[in-house]
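Okay, here's what each chain looks like letter by letter:
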Amino acid sequence: MKQYLEMCEYILKNGDTKDDRTNTGTISVFGYQTKYDLDEGFPLLTTKKVHLKSIIHELLWFISGDTNIKYLVDNKVNIWNEWPYEIFKKSNDYQNESLVEFIDKIKNDEEFAKKHGELGPVYGKQWRNFLGVDQLLNVIDDIKKNPNSRRHIISAWNPSEIKNMALPPCHAFMQFYVNNGELSLQLYQRSGDVFLGIPFNIASYSLLLMMVAQVTNLKPKTFVHTIGDAHIYLNHLDQVNLQLTREIRKLPKMIINPEIKNILDFKYEDFSLTDYNPHPLIKGVVAVW
Ligand SMILES: Nc1nc(=O)c2c([nH]1)NC[C@@H]1CN(c3ccc(C(=O)N[C@@H](CCC(=O)O)C(=O)O)cc3)CN21
Ligand SMILES: O=c1ccn([C@H]2C[C@H](O)[C@@H](COP(=O)(O)O)O2)c(=O)[nH]1
């Protein structure tokens, strides 16, 4: 994915060092856009192995309207664990449990999970119930009935509920666009962790585009990714530089079960990725607090 590597190079060359909430430090630019034409293959990075299973489960979790990490944990997806754990550590129930012990309790204790697995009204809640509005189903309906509309919007940014969220939405605002029987999607992401989060976000929204295209009988075309604060954390510099030395490989293909005609009916088994031959995984520490 040339676009992604060019963005890394651009940030390294033109970015400023900038402190951040987590005190990790970043190199950052403001405003960067990439486009991914889905005809060229599924945009999953080949310069490191990306764990697609986590991406698919996370997307199905958003679509279902769920905001509790229990579904993710039960499916061995561990990308959201740190955030409820930080909240738990400040609660009266905290008895020096480690993150591993905390996640074990989420897995095995239904009541505990209900109480401590919540992220608050994050993505799933806003997509499906933004002050009573099911934005996802409305947009799909509107794409079918009124394709030329310039109002196919879903916003996860709900100022009245931000204070109750474990993390305010990063991928905050999306718009669908229909032309010549083809569907495109643009995302505005206010903040992007270029090494860890962005590869997930690109694949996740490209998959969402394919799913919405299928249920509206359109052909998926372009994912446009617009990032506000696009940053590389200072403890990811070696990882990013290593990726820049690796040669780009052919993009994989994503096949989704053509029988599914309702966005709420997709299951993990409806997705299959072929021809994915990435370079090896590169580990990196996620900045939390
Ligand atoms: N600093 C930061 N970066 C993020 O990307 C991010 C947050 N915070 N907070 C909320 C979510 C959680 N996201 C995450 C969190 C962890 C990974 C991660 O560790 N990825 C590894 C392993 C993936 C796996 O186990 O499935 C990777 O190699 O991609 C990715 C996205 C994206 N978001
Ligand atoms: O989907 C996501 C979610 C989060 N991120 C990154 C972007 C930032 O590095 C942090 C969030 O910190 P803020 O201080 O709230 O911006 O998480 C991402 O890249 N993708």
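Now for a look at the structure at hand. (Residues numbered from 1 in each chain as written. Chains lettered and ligands numbered in written order. Predicted model: local features only at pLDDT ≥ 70, side-chain atom pairs only at ≥ 80, totals over all residues. Heavy atoms only, no water.)

**Some thoughts on a nonpolar patch on the surface**
Residues Phe30, Phe173 and Tyr188 make up a contiguous nonpolar surface patch of about 350 Å² in total accessible area. Counting through the fold element by element, phenylalanine 30 comes out in strand β2 (residues 26–37). Assessed through its relative accessible area of 70%, phenylalanine 30 is described here as exposed. (Patch = residues over 30% accessible without salt bridge, like charges linked within 9 Å, V, L, I, M, F, W, Y side chains within 5 Å. Areas by Shrake-Rupley, 256 points an atom, 1.4 Å probe, with all protein chains shown as cover. Salt bridge = Lys/Arg side-chain N within 4 Å of Asp/Glu carboxyl O. Helix = DSSP H or I, 4+ residues; strand = E, 2+ residues; numbered from the N terminus. Buried < 20%, exposed > 50% of the residue type's maximum accessible area, 1.4 Å probe, protein only.)

**Considerations on the site of ligand 2**
All residues adjacent to ligand 2 are Arg21, Cys170, His171, Gln189, Arg190, Ser191, Gly192, Asp193, Gly197, Asn201, His231 and Tyr233. Between an oxygen atom of ligand 2 and a side-chain N or O atom of arginine 21, the distance comes to 2.7 Å. Contact with the protein chains hides 83% of the accessible area of ligand 2, taken as 460 Å² for the molecule alone. Listing elements by their share of the shell around ligand 2, those giving two or more residues are β5 (182–193), α9 (197–215) and β6 (219–233). With 5 residues, β5 is the largest single contributor of residues to the shell around ligand 2. (Near = heavy atom within 4 Å. Polar contact = N/O pair within 3.5 Å; in protein donor to acceptor, adjacent residues only side chain to side chain.)

**With respect to the environment of serine 272**
Checked against the element boundaries, serine 272 lands in strand β8 (residues 271–274). With relative accessibility at 35%, the residue serine 272 sits in the partly exposed group. Expressed as a C-alpha distance, the spacing of serine 272 and lysine 253, which sit 19 residues apart in the sequence, is 8.3 Å.

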